[in-house]
Amino acid sequence: MKTLIEIHLLQNFAPSNLNRDDTGAPKDAFFGGTRRGRVSSQCNKRAVRQFFDLKIREGVFSADDLAVRTKRVYQAIVDALKDRRPDPVEVRAKAERALSYVKLKAADDGKSQYLLFLGRREIAALADTIDQHWDLIVKVEEPQAEDGATKKKAKSKKDAAGSAPKEVKDQIEAIFNGGKAVDVALFGRMLADMPEKNQHAACQVAHAISTHAIEREFDFYTAVDDLKPEDTAGADMMGTIEFNSACYYRYAVVDWEKLVTNLQNDVELAAKGLRVFLEGFVLAEPTGKQNSFAAHNPPEFVAVSVCHDAAPRNLANAFETAIRVKTGKSLTRESAEALAAKAGVLDKAYPRKGQTFVLNLAQATVGGLGTDQESLDALLDAVLAAIKE
C-alpha cells in the first residue's frame, strides 16, 4: 500500500519581497489569466532545510542525521582528519585522488566542479576510508618540463577511475548511499558523474502562488550621511525596492514508503523526519528582504491529508479564477473556503481513501474537509498516528 502525505496551506504575507528574481523584483507568474505572486519551490525547500538545522540545536536530530550542500568536500575531509593526518596539503591531495576514482574531479580552484549534496555520515566515511587506505591512494606526480617547471597534464575522469585500486574504489562507491540524511532522503540529489548514486526525492514541493491577482508596488527610500554638515541639504543615497503583499497557496506531498526506503528502512527516523518537514513547511519562512519588511506572518489555514493508494492532488485550481474580496472580508478566509470547495468537488469525482486534518485559524467554513485540530502539535500528532494505522 502506497501512502502519501499532502500538505496544503494558506499564508497571507504583509508587504514583502521574500523571493527575488534577477532584477530584484518579487518573483511572479501568470496563472488563470492574471499575474500572481510567487515563491519558488527551491526557496521554500531551503527555508525548511534551515529549519532542520534548528532541530539539531534542540536535540531532535543529531548533526549526522542531516546533509550539507557544498563544493568544499575536500576541505571537509581535511578537517575530519586533522587529528590523524596533520598535513592539510597532503590530505587534500589524497582526497582529490581518492574521489577521482569515482569520477569526482576537483576544479582548478580546489573545490568540486559542482555542488555536492552529501550526508555528514558520507563525508565522515570518506575521511575514514582515505585514512584506512592511505598508502594505496597514490598522488599522481606531475611531469617536469625540461626547464624544471611543472608541466601540467590533464587526466580524464575515466583514466583516473580506471587506475584506481579496486578495493579502494569499491569502498568509496559504497559510501554514496545517502548516509541516512533526512534532507537528502526528502529532497533527493543528483550526482552528475555517478548517476547510479542519485537519490530520488521522497518529497515534491510546488511553487507557492497567490490566490489573487497582484500589482507590483515600489518603495522609494533615501539615506542621509549622519556626519555631513548641517547646512548641506539632500539625501546621500536613494533607490527603490519592489514589493507586494499576497496570500499564498502552498502545497507539498511526501511519499512515505519512498522516504523509509531512502532512509535505509529506519522507520523511526523517517517518522521524525516527516514530522519536522511538515512543521518546517508551516513555520519556516523565506528570508528575502526581511530586514526591510519583517513580514513574519504564520499560516492561518493548514490541511494535511494522509491518503492510501491514490494519486497526489494539488488544489491550485481552486484559485484559477483569482479571489476577489469585498471590503471587510478576509482574503485568507475566502481563499480557504474556495480551497475546501474544490477539494470537495474533486473528492466526489475521484474518491480517495484517507484522512484529512485541519488547522483553521481563519475560521473559514470548510465543513467536511477534515477533522479540526486545535494546534499545530495536535495536527502533527494526528498525522503520525494515521500513518501507523
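Our subject in this report is the structure included herewith. (Residues numbered from 1 in each chain as written. Predicted model: local features only at pLDDT ≥ 70, side-chain atom pairs only at ≥ 80, totals over all residues. Heavy atoms only, no water.)

Here's the deal with the overall build of the protein chain
At step 1: Regarding its fold elements, the protein chain presents 12 helices and 12 strands.
At step 2: Based on the C-alpha atoms only, the size of the protein chain along its principal axes is roughly 85 × 75 × 40 Å.
At step 3: A burial count over the protein chain gives 47% of its 389 residues as buried.
At step 4: The long-range share in the protein chain, meaning contacts at least 24 apart out of those at least 6 apart in sequence, stands at 76%.
At step 5: Put simply, the protein chain shows about 20200 Å² of open surface, and 48% of that area lies on carbon and sulfur atoms.
At step 6: Across the protein chain, the mean location of the 54 positive side-chain charges is 5 Å away from that of the 56 negative side-chain charges. (Helix = DSSP H or I, 4+ residues; strand = E, 2+ residues; numbered from the N terminus. Buried < 20%, exposed > 50% of the residue type's maximum accessible area, 1.4 Å probe, protein only. Contact = heavy atoms within 4.5 Å. Areas by Shrake-Rupley, 256 points an atom, 1.4 Å probe, with all protein chains shown as cover. Lys, Arg positive; Asp, Glu negative; His and termini not counted. Charge placed at Lys NZ, Arg CZ, Asp CG, Glu CD.)

Overview of the side chain of Ser16
At step 1: When you line up the elements, Ser16 lands in strand S1 (residues 3-16).
At step 2: At 3.0 Å, the side chain of Ser16 forms a polar contact with the backbone oxygen of Ala14.
At step 3: Look past the residues within four positions of Ser16 in its chain and what remains in contact with it is Pro26, Phe243, Asn244, Phe293 and Ala295. (Polar contact = N/O pair within 3.5 Å; in protein donor to acceptor, adjacent residues only side chain to side chain.)

Re the packing of aromatic side chains
At step 1: A full pass over the atoms with the stated rule returns 6 aromatic pairs.
At step 2: Both rings, one in Phe243 and one in Phe293, keep their centres 5.7 Å apart while their planes meet at 45°; by these two values the pair is tilted. One end of the pair, Phe243, is in strand S9 (residues 237-255); the other, Phe293, is in helix H10 (residues 290-293), with 50 residues separating them in the sequence.
At step 3: An aromatic cluster is built from Phe187, Phe277 and Phe281, whose rings are joined through pairwise contacts. (Phe/Tyr/Trp six-rings, centres within 6.5 Å; stacked < 30°, edge-to-face > 60°.)

Details of the nonpolar core
At step 1: By size, the foremost hydrophobic cluster in this structure holds 45 residues, and its most contacted members are Ile5, Phe52, Leu259, Phe277 and Val383.
At step 2: Leave out the neighbours within four places in its chain, and Leu259 touches Ala185, Leu186, Ala202, Val254, Ala270 and Leu274.
At step 3: The next biggest cluster of nonpolar side chains, apart from the first, holds 28 residues, and it includes Leu118, Ala127, Trp134 and Ala164. (Core = buried A, V, L, I, M, F, W, Y, C linked by side-chain atoms within 4.5 Å.)

Quick word on empty space enclosed by the protein
At step 1: Tallied over the full model, the rule gives 3 cavities of 30 Å³ or more.
At step 2: Taken as a whole, the largest cavity encloses approximately 40 Å³ of empty space.
At step 3: For the lining of the largest cavity, the secondary-structure elements that each account for two or more residues are S1 and S9.
At step 4: Here the residues of the lining of the largest cavity sort into 6 nonpolar, 2 polar and 1 charged. (1 Å grid on protein atoms, 1.4 Å probe; cavity = no way out; pocket = protein on both sides within 12 Å on 5 of 7 lines; lining within 4 Å. Points joined across faces, edges and corners; volume = space filled by probe spheres on them. Nonpolar A, V, L, I, M, F, W, Y, C, P; charged D, E, K, R; others polar.)

Quick look at the pairing of strand S2 (residues 28-31)
At step 1: Here S2 pairs with strand S3 (residues 34-39) via 4 bridges, running antiparallel. Its bridge partner lying in S3, Phe30 is registered against Arg35.
At step 2: Here S2 hands over to S3 after 2 residues, with Gly32 in that stretch at a positive phi of 60°. (Pairing = 2+ DSSP bridges.)

Some points on the packing of helix H9 (residues 267-283) against helix H12 (residues 376-388)
At step 1: It is at 11 Å that the axes of H9 and H12 come closest, and there the two elements cross at 145°. Crossing of H9 over H12 shows right-handed handedness. Between H9 and H12, the contacting residues are Ala271, Leu274, Arg275, Leu278, Glu279, Val282 and Leu283 on the first element and Leu376, Asp377, Leu380, Asp381, Val383, Leu384 and Ile387 on the second.
At step 2: For the contact of H9 with H12, the residue count by class is 10 nonpolar, no polar and 4 charged. (Axes fitted to C-alpha atoms, helices over the stretch in contact; angles between N-to-C directions. Left-handed = near helix turned anticlockwise from the far one by under 90°.)

Some thoughts on helix H11 (residues 331-349)
At step 1: Helix length check: H11 (19 residues) gives 27 Å between terminal C-alpha atoms against 27 Å at 1.5 Å per residue, within 8%.
At step 2: Those residues of H11 lying buried are Leu331, Thr332, Ser335, Ala336, Ala338, Leu339, Ala340 and Ala343.
At step 3: A distance of 3.4 Å separates the backbone nitrogen of Thr332 from a side-chain oxygen at the start of H11, and that oxygen is part of Ser330. (Expected span 1.5 Å × (residues − 1).)

Structural notes on unusual backbone geometry
At step 1: The residue Asn265 is not glycine, and still its phi comes out positive at about 65°.
At step 2: Turning to its location among the elements, Asn265 is positioned in the loop between helix H8 (256-262) and H9.
At step 3: Positive phi, close to 50°, is recorded for Ala294, a residue that is not glycine.
At step 4: Within the secondary structure, Ala294 is located in the loop between H10 and strand S10 (301-308).

As for the pattern of salt bridges
At step 1: Tallied over the full model, the rule gives 19 salt bridges.
At step 2: For Asp170, the salt bridge goes to Lys166, with nearest N and O atoms at 2.6 Å. Here the residue Asp170 and the residue Lys166 both occupy positions in helix H6 (residues 166-175), the gap between them amounting to 4 residues, near one helical turn.
At step 3: One salt bridge in this structure joins Asp381 and Arg275, with 2.7 Å as the shortest N-O distance. Of this pair, Asp381 sits in helix H12 while Arg275 sits in helix H9; the two residues are 106 residues apart in sequence, bridging distant segments of the chain. (Salt bridge = Lys/Arg side-chain N within 4 Å of Asp/Glu carboxyl O.)

Digging into the packing of helix H4 (residues 120-132) against H6
At step 1: Contact pair H4 / H6: the axes reach a minimum separation of 9 Å and the direction vectors enclose 170°. The angle between H4 and H6 places the two elements in the roughly antiparallel class. In this structure, H4 uses Glu122, Ala125, Leu126, Thr129 and Gln132 to contact H6, whose residues at the interface are Gln171, Ile172 and Ile175.
At step 2: A class-by-class count of the residues in the contact of H4 with H6 yields 4 nonpolar, 3 polar and 1 charged. (Parallel < 35°, antiparallel > 145°, perpendicular 65-115°, else oblique.)

Interpretation in functional terms is not warranted from these geometric data alone.
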